[in-house]
Amino acid sequence: MTILHKDTLAIIMIGTTHVVDMGGKSAFIHYETGDRAHMLLPDGTRFHGLWTLQDDGYKVEWRDGPTGSWKLDHTPGAIDYVDATGIVRGRISRIDFGDPQSLAA
């Protein structure tokens, strides 16, 4: 288990879209800039909000949605999203450059 830190997170997050496997269904999180993010959950719910990198994770405040702190945990062959309580909530299945799902629109 290796929690990814700020410099690594900036490389794999800013300007990309993470496709996250949440129990067989995909969520999409687009980190448009260093402070704006967009998410599409498997049930069709969309969120837009502000996010900030921390030393060992990030915080996000969704407009009309939850606020949370997250860490990305790397193990050989996988990167998992871990919530503030230490529970794995999803695994990155791929990282796309840009916004192929048009989440920022």
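Let me begin by describing the structure that accompanies this report. (Residues numbered from 1 in each chain as written. Predicted model: local features only at pLDDT ≥ 70, side-chain atom pairs only at ≥ 80, totals over all residues. Heavy atoms only, no water.)

1. Observations regarding unusual backbone geometry
Where the residue is not glycine, phi is negative for most of them; where a peptide bond is considered, it is trans in most cases. Note the cut-off: Only runs of H or I of at least four residues qualify as helices and only runs of E of at least two qualify as strands under DSSP, and these elements are numbered from the N terminus. Under the scheme applied here, a residue whose accessible area is under 20% of the maximum for its type counts as buried, over 50% as exposed, and between as partly exposed, the area being computed with a 1.4 Å probe on protein chains only.
Despite not being glycine, Asp64 has its phi angle at roughly 55°, a positive value. Take Asp64: it is sitting in the loop between β6 (57-62) and β7 (67-75). When its relative accessible area of 81% is taken as the criterion, Asp64 is described as exposed. Backbone geometry places Ser102, a non-glycine residue, at a positive phi of 55°. By the element assignment, Ser102 lies in the segment after β9 (88-97). According to the relative accessible area criterion, Ser102 is partly exposed, its value standing at 44%.

2. A closer look at the pattern of salt bridges
Condition: For salt bridges, the criterion is a side-chain nitrogen of Lys or Arg within 4 Å of an Asp or Glu carboxyl oxygen.
One pass over the structure, following the stated rule, counts five salt bridges. Across the salt bridge formed by Asp56 and Lys71, the nearest N and O atoms sit 2.7 Å from each other. Taken together, the positions of Asp56 in the loop between β5 (46-54) and β6 and Lys71 in strand β7 put the pair 15 residues apart, joining distant regions of the chain. Taking the relative accessible area as the measure of exposure, Lys71 reaches 28% and is therefore partly exposed. A salt bridge links Asp96 to Arg94; the nearest nitrogen and oxygen atoms lie 3.0 Å apart. Residue classification places Asp96 among the buried residues on the basis of a relative accessible area of 15%.

Keep in mind these numbers describe shape, not what the thing actually does.
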